[in-house]
Structures are given as C-alpha cells and as structure tokens.
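A look at the structure
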Amino acid sequence: QQQVKQSPQSLIVQKGGISIINCAYENTAFDYFPWYQQFPGKGPALLIAIRPDVSEKKEGRFTISFNKSAKQFSLHIMDSQPGDSATYFCAASTDTASKLTFGTGTRLQVTL
Amino acid sequence: EPEVTQTPSHQVTQMGQEVILRCVPISNHLYFYWYRQILGQKVEFLVSFYNNEISEKSEIFDDQFSVERPDGSNFTLKIRSTKLEDSAMYFCASSYFGTGGYGYTFGSGTRLTVV
C-alpha cells in the first residue's frame, strides 16, 4: 500500500514534443506529490510538486495533472528539450511522516 | 544556492568492513535523512533524524546501520559490516520541515561498492 507505481520505465521523445510520465498510488493518506529530476551522478532535485486539493499545477514547461479519484498523477513536459534528458521520479508523502516514497523512475531521452 | 555536501563521492570497501559516509546538511535545516539507490532502481528511504534522535526508519535500516551527528555540521551513516548487497548510491538529504516531505535538498551521493 505504500508503493508508488511509475510508468513508463523509459521514454524517447523528439525535441519539441510532449513527454508524459504517469504515477499511481494506493495509500489515500498521501497528500504531497513531488516530482524529482535526476541527472547522472547527481542527487534528485525537486522539479515541481502538487497537493491533492488542486487538479493541475503548471510551472513553465512542466505541468502536474492530478486525479484524486483515480489515485493517479502525471508529469507533462511541454516542448521537450535535449537538456530535459534525465531520470524523473514521482514521489509521495503523508503529512505525518518524514519520508518520501519514490516511484521506480523514468529515463527520458529527448532526441534532436 | 545552499547545497548538501557528501563525501566521499565514491568508496570501495571489502565485504565485512565498516564504512562511514559523511554529509554536511544545509546549515539552517533541522531534519536529516539517508536514502539509497541500488543501480537502476528506485530511491529508498533509510532513516530520518531530528534533534539527535532517529525519528523514522525503514526495514532496511537494521542493526548494522547507525547514524550520528557528531558535531554541529556533519551527519554520518555508518555501516558496521558491509555486505555485497549494500552496494548502492547513498544520498543524504536535509529539510527545514520534518513532516510532509517538503523542502528536501539532496546531496550528490556517495557510490558505495562492496567487493
């Protein structure tokens, strides 16, 4: 019940295209859903986050869509760029816990 | 921008040896964490630490692991007797808030290789 399932495992998108990564969860106590971006040899870095009281959050080219009834959330990267090539992790936490529960990661490659 | 600093970046150790991984969290952060990432797999929570005590730990964090804040700036993870399956990237993180997962900053990690 603590798991966060993430798909796809890898994704290749052409420059300028839209990258979409999906996550699903079971634990209804989760109430904070961040996305992290990780470049090789670096730690995860917070990209964007959402709480379940909103259905969408947009920051620049990055948008989180959240479907509370389906217990799913997704990251959309508009106008994908080669510099977006990285591994993306969704995560979740509850307001009473200190830990983050991560998804399995999606390796995104943006080609020219 | 403030950073979480981890040393060493890569450590190779023999099975059965003790290792200490070091971290310098962001100075005004109060909560400290260790996570690990086995190659190609997800990032897994190990332990959280606040006010010189463990506040939460996972089932991975068994008796061979310990954490310490030996002074006002360092935060360490000790693995007493390393096993091959301890080979992973270990990430330290810190945050100002202790619950809810907010405001984490991760370090760049220590790659531990047990041979």
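Anything mentioned here points back to the structure above.
In short, a report on the structure. (Residues numbered from 1 in each chain as written. Chains lettered and ligands numbered in written order. Predicted model: local features only at pLDDT ≥ 70, side-chain atom pairs only at ≥ 80, totals over all residues. Heavy atoms only, no water.)

1. Considerations on the interface of chain A and chain B
The condition that has to hold: Any two residues whose heavy atoms approach within 4.5 Å are treated as being in contact. For any pair of parts, buried area is found by adding up, for both, the accessible area (1.4 Å probe) each one loses once the two are put together. Whenever Lys or Arg places a side-chain nitrogen within 4 Å of a carboxyl oxygen from Asp or Glu, that contact is recorded as a salt bridge. Here the nonpolar group is Ala, Val, Leu, Ile, Met, Phe, Trp, Tyr, Cys and Pro; Asp, Glu, Lys and Arg are the charged ones; every other residue, Gly included, is treated as polar.
Each partner contributes to the interface: chain A provides 20 residues, whereas chain B provides 20 residues. When chain A packs against chain B, close to 1,700 Å² is buried across both sides, 52% of that on carbon and sulfur atoms. Viewed at the interface, chain B and chain A are joined by zero salt bridges. Grouping the amino acids of the side of chain A that touches chain B by side-chain chemistry returns seven nonpolar, nine polar and four charged.

2. Observations concerning the state of the cysteines
Convention followed: Whenever a pair of cysteine sulfur atoms sits within 2.5 Å, that pair is classed as a disulfide. A helix here means a DSSP run of H or I that spans at least four residues, while a strand means a run of E at least two residues long, and both kinds are numbered starting from the N terminus. Working definition: with a 1.4 Å probe on protein chains only, accessible area under 20% of the residue-type maximum means buried, over 50% means exposed, and in between means partly exposed.
Taken as a whole and judged by the stated rule, the model has two disulfides over all chains. Residue pairing for Cys23(A): its cysteine sulfur links by disulfide to Cys90(A), the two sulfurs lying 1.9 Å apart. Residues Cys23(A) and Cys90(A) share a disulfide whose torsion about the S-S bond is about -95°; that sign makes it left-handed. You can see Cys23(A) sitting in strand β3 (residues 19-25) and its partner Cys90(A) sitting in strand β9 (residues 86-92), a full 67 residues away along the chain. Cys90(A) shares its class with Cys23(A); the two are buried. Here Cys23(B) pairs with Cys92(B) through a disulfide, and the sulfurs are 1.9 Å apart. A torsion of -65° about the S-S bond marks the disulfide between Cys23(B) and Cys92(B) as left-handed.

3. Regarding the sheet that holds strand β6 (residues 56-59) of chain A
Two pairing modes exist for strands in a sheet, parallel and antiparallel, and in both the strands are linked by backbone hydrogen bonds. Residue and element names in this part refer to chain A. Our working rule: In this description, strands pair whenever DSSP reports at least two bridges between them. With axes taken as lines fitted to C-alpha atoms, and helix axes fitted only over the stretch in contact, angles between N-to-C directions fall between 0 and 180 degrees.
Ordered in space as β1-β3-β8-β7-β6, the five strands form an open sheet in which the pairing is antiparallel. Lying at the two open borders of the sheet, with one neighbouring strand each, are β1 (4-7) and β6. For this sheet, the mean angle separating the axes of adjacent strands, direction not counted, is 15°. Here β6 pairs with strand β7 (residues 62-67) via four bridges, running antiparallel. Opposite Lys58, over in β7, you have Thr63 as the bridge partner.

4. Quick notes on the packing of aromatic side chains
Inclusion rule: Note on ring pairs: Phe, Tyr and Trp rings are taken, using the six-membered ring of Trp, and paired if centres are within 6.5 Å. Classes follow the plane angle, with under 30 degrees stacked, over 60 edge-to-face and the rest tilted.
Overall, the coordinates contain 26 aromatic pairs over all chains when judged by the stated rule. The interplanar angle of 75° and the centroid separation of 4.5 Å between the aromatic rings of Tyr32(A) and Tyr102(B) together place this pair among those described as edge-to-face. With Tyr32(A) in the loop between β3 and β4 (33-38) and Tyr102(B) in the loop between β9 (88-95) and β10 (105-106), this pair bridges two chains. Judged by relative accessible area, which is 23%, Tyr102(B) ranks as partly exposed. Look at Tyr96(B) and Phe97(B): their rings are 5.5 Å apart centre to centre, the planes differ by 90°, and that puts the pair in the edge-to-face class.

5. What about the layout of surface pockets?
As a reminder of what qualifies: Definitions used for this entry: grid spacing 1 Å over protein atoms alone; cavity, a set of points where a 1.4 Å probe fits but cannot get out; pocket, an open set with protein on both sides within 12 Å along at least 5 of 7 lines; lining residue, one with an atom within 4 Å of a point. Grid points are joined across faces, edges and corners, and a volume is the space filled by probe spheres set on the points.
One number sums up the size of the largest pocket: a volume of about 510 Å³. Together, 23 residues line the largest pocket, and Gln38(A), Thr87(A), Arg107(A), Gln37(B) and Gly40(B) are the ones closest to its centre. Of all the secondary structure elements, the ones that give two or more residues to the lining of the largest pocket are β9 and β11 (106-111) of chain A together with β9 of chain B. Of the residues in the lining of the largest pocket, the class split is nine nonpolar, eleven polar and three charged. Within this model, the second largest pocket holds a volume of roughly 420 Å³. Lining of the second largest pocket is provided by 16 residues; of these, Ala45(A), Pro2(B), Glu3(B), Thr105(B) and Phe106(B) occupy positions nearest its centre. Counting residues per element, the ones that place at least two in the lining of the second largest pocket are β5 (45-50) of chain A together with β10 of chain B.

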